[in-house]
Amino acid sequence: MTAALALGDDALVLSHRLGEWAGHAPVLEEEVALANIALDLLGQARMLLSFVGDEDQLAYLREERAFRNVQLVEQPNGDFAHTMARQLYFSVYQHLLYEELATGEGEFADLAAKAVKEVAYHRDHAEQWVLRLGDGTTESHERMQLALDALWRYTGELFEPVEGVDVDAHALRDGWLAAVTSVVDRATLALPSGPQAGAWAAGAGRQGLHTEPFGRMLAEMQHLHRSHPGASW
Amino acid sequence: MAAVTADQTTQGTAGTADEAEAGRLAAFDATVAADDRIEPRDWMPDAYRASLIRQMAQHAHSEIIGMQPEANWISRAPSLRRKAILMAKVQDEAGHGLYLYSAAETLGTSREELLDKLHAGRQRYSSIFNYPTLTWADVGAIGWLVDGAAITNQVPLCRCSYGPYARAMVRICKEESFHQRQGYELLLALSRGTPAQHEMAQDAVNRWWWPSLMMFGPPDDASAHSAQSMAWRIKRHSNDELRRRFVDICVPQAQALGLTLPDPDIRWNEELGQHDYGEIDWTEFQEVLKGNGPCNEQRLTQRRTAHENGAWVREAAAAYADKHAARAGTAGTAAQPVEATA
Amino acid sequence: MSSSTDWPLWEVFVRSRRGLSHTHAGSLHAPDAEMALRNARDLYTRRSEGVSLWVVPSTEITASSPDEKDSFFEPAGDKPYRHPTFYEIPEGVKHL
């Protein structure tokens, strides 16, 4: 249960954030690309949440403290560089994790086997953009570096053990670090220095402690559903 | 969407310019009269080209501005199923804008140029998107009525005389077939739901009905472009003809929804075999067209802002491509077809 | 296509399933070939329309001109002996 909630909430919350780009993307082709990723994630979220119970009850009627997503995915979109930094950090993690789950015999093996193909594309999309923004213009280089630095502190949490997710967290972190480092190097950027998690925040999202923007996000997401108790849509 | 864009420089040279011109015009007219398609590199009258660019640009702009009123509800969609549907629909609209800009580019313009004109207020988009989406039911009303009206307008365009436009419309109509149905289904759920939901649905239909009728454009006797467009087979039915067809389609659909259309004058005309309907407020139409609708400023500002905020991203990707083409040593590498196989 | 933010136009060809050839699907803008492929995937195959993609810079396509239509294509019109229906075979003869 814990595992399905954690992974399901990650996908749900990130999908919601990506959905906020609709109508605001830098170019039409990217409107289509971001929506594809958001829809993949929403599909994953719905399947994962259905392991636990009713998807809409879980999405719309839980309080903030009951959400188990990592804090990384709830961070606001910021500029396109921030969104791509968030995508890179998360999709590399998700890809490695789902590859591992797909080969195992856990209850998510089938789901992970399907999702891993989607996530591989998300990872590629993020890598392509980090390369272009890092090695593009002076302005884009600066923005991309700022974004990588700003979100770095939320990446430590990705490797906190989650009950029911049967992977070697250390190996996951090593693989993630190697992959991210390689992209960052090729993008002529610098891997952020400093701690990978705020001392107060390590692993907090998985325990239900979130950041300020998350409450506002949930208020918007849940308000209509909650305004009509018991209604069907 | 054709592979090669217009080339206006390689015209024939035989005979006097006037004779050649007359010959080409005759060939063009014959092609159109035979219901054959005009393709990008064919000679075409300047006015035909200009008229097509104007119409296709307006159509493309409508698709991308049209994303806004619906995207307004993605973050608040009341179920995950509805959220997925709405995201996919808004995504389609971006895609359709893209198909249409590409089709327009075959006439020798560029997407950048057309977007600049949109942002400068020199080209229009459908006025319907200057109305606000105030409740969730508006998403349903847009799907049912606005997309319904759009489809009534668009289906004949699949046979329009300009090949790239017609082909784009075939793809768009195919993809849009789910748009109207999802809107209708959404409204049906509300209409059959709680009293508050029913009221929300009725309110949305009340607000969207008349603007939807206005989507067919001014009455035939007041339409500036209609006659010529019909002669060129860019357009195949008159504004009033399509509007009437739409009313006939909607009346029974509204009954099945359990909602009423906000027009006391709608009644079946036995003699004509069609519905009569009330007077449209063309003053409102003209006002919204002039920029005085509830959301004109907001829609255009958001579009401009997205474009401006994205400039550094587009520049970065272009700079990266230049650097890497230079590093690869030749421009020729970019010219190789590139393949991906699933 | 002049300012630095304008991306070139690419033509997209989609193989809808194995055994069929690639067919022109439309076009799009992309800064380079890699992104063109990805944009093509997102735009032209999001309803499972394809199993393989080609992207080609629009400027790299050479097309026949409508002015040469007569000399290019009409001469083929009077050679019916290239088609099997041109030949008469006695009734009852099989496998021809």
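Here is what the cut-offs are and how they apply
- Residues numbered from 1 in each chain as written.
- Chains lettered and ligands numbered in written order.
- Predicted model: local features only at pLDDT ≥ 70, side-chain atom pairs only at ≥ 80, totals over all residues.
- Heavy atoms only, no water.
- Helix = DSSP H or I, 4+ residues; strand = E, 2+ residues; numbered from the N terminus.
- Rg over C-alpha atoms; globule rule 2.2 N^0.38 Å.
- Buried < 20%, exposed > 50% of the residue type's maximum accessible area, 1.4 Å probe, protein only.
- Contact = heavy atoms within 4.5 Å.
- pLDDT = per-residue confidence, 0-100.
- Pairing = 2+ DSSP bridges.
- 1 Å grid on protein atoms, 1.4 Å probe; cavity = no way out; pocket = protein on both sides within 12 Å on 5 of 7 lines; lining within 4 Å.
- Points joined across faces, edges and corners; volume = space filled by probe spheres on them.
- Buried area = accessible area lost by both parts, 1.4 Å probe.
- Salt bridge = Lys/Arg side-chain N within 4 Å of Asp/Glu carboxyl O.
- Polar contact = N/O pair within 3.5 Å; in protein donor to acceptor, adjacent residues only side chain to side chain.
- Nonpolar A, V, L, I, M, F, W, Y, C, P; charged D, E, K, R; others polar.
- Phe/Tyr/Trp six-rings, centres within 6.5 Å; stacked < 30°, edge-to-face > 60°.
- Lys NZ or Arg CZ within 6 Å of the ring centre and 35° of its normal.
- Axes fitted to C-alpha atoms, helices over the stretch in contact; angles between N-to-C directions.
- Parallel < 35°, antiparallel > 145°, perpendicular 65-115°, else oblique.
- Patch = residues over 30% accessible without salt bridge, like charges linked within 9 Å, V, L, I, M, F, W, Y side chains within 5 Å.
- Areas by Shrake-Rupley, 256 points an atom, 1.4 Å probe, with all protein chains shown as cover.
- Core = buried A, V, L, I, M, F, W, Y, C linked by side-chain atoms within 4.5 Å.

S.K.: Could you give me a rundown of the overall build of chain C, with the residues and numbers involved?
M.R.: Across its full length, chain C holds 2 helices and 3 strands. Reading the helices (α) and strands (β) of chain C from amino to carboxyl end gives β-β-α-β-α. Taking 96 residues into account, the globule formula puts the C-alpha radius of gyration at 12 Å, and chain C, at 21 Å, lies well above it. Across its three principal axes, chain C shows a C-alpha extent of roughly 70 × 35 × 15 Å.

S.K.: How would you explain the side chain of A:Q87 if you had to name every residue and give the values?
M.R.: All names here are of chain A. Mapped onto the elements, Q87 comes out in helix α5 (residues 80-103). By relative accessible area, Q87 is classed as buried at 2%. For Q87, the residues in contact, after removing those within four places along its chain, are L14, L18, I37, V92 and A126.

S.K.: An account of the confidence of the model for chain C is requested, with residue identities and associated values reported.
M.R.: In this model, chain C carries a mean pLDDT of 89, and residues with pLDDT of at least 70 account for 95%. Across chain C, the secondary-structure element scoring lowest on mean pLDDT is helix α2 (residues 69-73) of chain C, at 83, and the one scoring highest is strand β3 (residues 52-57) of chain C, at 97.

S.K.: Please provide a residue-by-residue account of the pairing of strand β1 (residues 9-15) of chain C, values included.
M.R.: All names here are of chain C. Taking burial as the measure, the 7 residues of β1 include 6 buried ones, the bulk of the element. Relative to β3, β1 is paired through 6 bridges, and the arrangement is antiparallel. Of the residues in β3, the one forming a bridge with E11 is V56.

S.K.: Mind laying out unusual backbone geometry, listing which residues take part and the relevant values?
M.R.: All names here are of chain C. In the Ramachandran plot, S48 falls in the positive-phi region, its phi being about 60° despite a non-glycine side chain. A relative accessible area of 68% means that S48 is categorised as exposed. Its identity as a non-glycine residue notwithstanding, H95 has a phi of 60°, on the positive side. Tracing the chain through its elements places H95 in the segment after α2. For H95, a relative accessible area of 83% puts it in the exposed group.

S.K.: So, empty space enclosed by the protein: which residues are in play, and what are the values?
M.R.: Unfilled space is identified by rolling a water-sized probe across the atoms. Tallying each qualifying case throughout the model produces 5 cavities of 30 Å³ or more. Computed from the structure, the second largest cavity encloses a volume of approximately 110 Å³. What lines the second largest cavity is a set of 14 residues, and nearest its centre among them are A:A22, A:E31, A:A35, B:M87 and B:V90.

S.K.: Before we move on, can you summarise the interface of chain B and chain A with the specific residues and values?
M.R.: Listed per partner, the contact involves 46 residues of chain B and 47 residues of chain A. When chain B packs against chain A, close to 3900 Å² is buried across both sides, 67% of that on carbon and sulfur atoms. Per-residue buried area on chain B facing chain A is highest for B:L80, B:W312 and B:Y320; these three make up 20% of the total on that side. At the boundary of chain B with chain A, the tally comes to 3 salt bridges. Counting across the interface, chain B meets chain A through 17 residue pairs in polar contact (both at pLDDT 80 or more). Residues belonging to the side of chain B that touches chain A are distributed by class as follows: 27 nonpolar, 10 polar and 9 charged.

S.K.: If you had to explain the pattern of salt bridges to someone new, which residues and values would you point to?
M.R.: Summed over the entire model, instances satisfying the criterion amount to 35 salt bridges over all chains. Here C:E34 and A:R132 are joined by a salt bridge, their closest N and O atoms 3.1 Å apart. Placement of C:E34 in helix α1 (residues 33-44) and of A:R132 in helix α6 (residues 109-134) is noted, with the two residues assigned to different chains. On the basis of relative accessible area, A:R132 is assigned to the buried category, the value being 0%. The residue A:R143 makes a salt bridge to A:E139 at a minimum N-O spacing of 3.0 Å. With A:R143 and A:E139 both in helix α7 (residues 138-152) and 4 residues apart, this pair spans about one turn of that helix. Its relative accessible area of 36% is what places A:E139 among the partly exposed residues. Overlapping salt bridges, with partners in common, bring together B:D92, B:R171, B:E175, C:R46 and C:R47 in one network.

S.K.: I'd like a rundown of the interface of chain A and chain C, residues and numbers included.
M.R.: Contacts between the two partners involve 10 residues from chain A, matched on the other side by 12 residues from chain C. Counting each side, the surface lost to burial between chain A and chain C is near 1100 Å², with a carbon and sulfur contribution of 54%. Per-residue buried area on chain A facing chain C is highest for A:E29, A:Y121 and A:R132; these three make up 48% of the total on that side. Here chain A and chain C share 3 salt bridges between them. For the salt bridge of C:R38 with A:D124, the shortest nitrogen-to-oxygen distance reads 2.4 Å. On the surface where chain A and chain C come into contact, there are 7 residue pairs in polar contact (both at pLDDT 80 or more). Elements with a minimum of two residues in the side of chain A that touches chain C: α2 (28-52) and α6 of chain A.

S.K.: Let's hear about the packing of aromatic side chains: which residues, and what values?
M.R.: Each aromatic ring pair is specified by the distance between its two centres and by the angle formed by the two planes. Scanning the model with the defined rule gives 25 aromatic pairs over all chains in all. Ring plane angle 65° and centroid distance 5.3 Å describe the contact between A:F159 and A:W176, whose orientation is recorded as edge-to-face. With A:F159 in the loop between α7 and α8 (169-186) and A:W176 in helix α8, this residue pair connects regions lying 17 residues apart in the sequence. Judged by its relative accessible area of 8%, A:F159 falls in the buried class. When the centroid spacing of 5.3 Å and the interplanar angle of 50° are considered together, the rings of B:F216 and B:F246 count as tilted. Taken as a pair, B:F216 in the loop between α8 (195-214) and α9 (226-231) and B:F246 in helix α10 (residues 239-257) lie far apart in primary sequence, 30 residues in all. These aromatic residues form a ring-pair network of at least three members: A:Y89, A:F90, A:Y93, A:W152, A:F159 and A:W176. The ring of A:Y121 has C:R41 sitting right over it, with the charged end atom 3.3 Å from the ring centre.

S.K.: Kindly report on the packing of helix α4 (residues 80-105) of chain B against helix α5 (residues 111-119) of chain B, identifying the contributing residues and their values.
M.R.: Residues and elements named next belong to chain B. Between α4 and α5, the least distance of the axes is 9 Å, while the angle of their chain directions is 115°. Accordingly, the angle class assigned to the pair α4 and α5 is roughly perpendicular. Side by side, α4 and α5 meet where L98, Y101, A104 and E105 of the first sit next to R111, L114, L115 and L118 of the second. Counted by class, the contact of α4 with α5 contains 6 nonpolar, no polar and 2 charged residues.

S.K.: Summarise a nonpolar patch on the surface; cite the residues concerned and give the values.
M.R.: All names here are of chain C. The grouping of Y81, F86, Y87, I89, V93 and L96 at the surface amounts to a nonpolar patch, some 670 Å² of accessible area in total. Examined against the element boundaries, Y87 turns out to sit in the segment after α2. The exposure class of Y87 is partly exposed, given its relative accessible area of 48%.

S.K.: Got a sec to walk through the nonpolar core? Specific residues and values, please.
M.R.: Membership of the largest hydrophobic core comes to 191 residues, with the highest contact counts inside it found for A:Y98, A:L133, A:W176, B:W136, B:Y162 and B:W209. Considering every element that reaches this core, the biggest residue donor is α5(A), with 13 residues. Apart from residues lying up to four places away in sequence, B:W136 is in contact with A:L224, A:W233, B:W73, B:A77, B:P78, B:R82, B:L86, B:L186, B:L190 and B:M200.

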